[in-house]
Amino acid sequence: MNEPAAPAAAFRTWMCVVCGFIYDEAQGLPDEGIAPGTRWEDVPDDWTCPDCGVTKDDFEMMPL
């Protein structure tokens, strides 16, 4: 008997605490080479906010 597949975790959004830019995992940032569906933890560590230039350390996960 096959076990049902575990449901995929919901996509999350992350907000820059400096300028309010939103990174949406479902949408990604194709113009910056980040494909739709790219999880936050898979965004390169050296990536910076396209609006103000801060690092990932200055982003907070938004509540679902």
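Residues numbered from 1 in each chain as written. Predicted model: local features only at pLDDT ≥ 70, side-chain atom pairs only at ≥ 80, totals over all residues. Heavy atoms only, no water.

What about the overall build of the protein?
Argument step 1. When you go through the protein residue by residue, the secondary structure sums to zero helices and three strands.
Argument step 2. Counted from the first residue to the last, the protein has its helices and strands arranged as β-β-β.
Argument step 3. Within the protein, the fraction of its 64 residues that count as buried is 27%.
Argument step 4. Within the protein, counting contacts between residues at least 6 apart in sequence, those at least 24 apart form 43% of the total.
Argument step 5. Counting only carbon and sulfur atoms, one obtains 53% of the accessible surface of the protein, whose full area is about 4600 Å². (Helix = DSSP H or I, 4+ residues; strand = E, 2+ residues; numbered from the N terminus. Buried < 20%, exposed > 50% of the residue type's maximum accessible area, 1.4 Å probe, protein only. Contact = heavy atoms within 4.5 Å. Areas by Shrake-Rupley, 256 points an atom, 1.4 Å probe, with all protein chains shown as cover.)

Section: the sheet that holds strand E2 (residues 22–24)
Argument step 1. The sheet built from three strands is open, its strands ordered E2-E1-E3 with antiparallel pairing. Only two strands of the sheet have a single partner each, and these edge strands are E2 and strand E3 (59–61). With direction set aside, neighbouring strand axes in the sheet form an average angle of 25°.
Argument step 2. Strand direction decides the pairing type here: strand E1 (residues 13–16) and E2, joined by three bridges, are antiparallel. The partner of Met15 across the bridge, within E2, is Ile22. (Pairing = 2+ DSSP bridges. Axes fitted to C-alpha atoms, helices over the stretch in contact; angles between N-to-C directions.)

Quick look at the pattern of salt bridges
Argument step 1. Enumeration according to the criterion identifies four salt bridges in this entry.
Argument step 2. A salt bridge links Arg12 to Glu25; the shortest N-O distance between them is 3.1 Å. Of the two residues, Arg12 is situated in the segment before E1 and Glu25 in the loop between E2 and E3; the sequence distance between them amounts to 13 residues.
Argument step 3. When its relative accessible area of 22% is taken as the criterion, Arg12 is described as partly exposed.
Argument step 4. One salt-bridge network, in which partners are shared between bridges, spans Arg12, Glu25, Arg39 and Glu41. (Salt bridge = Lys/Arg side-chain N within 4 Å of Asp/Glu carboxyl O.)

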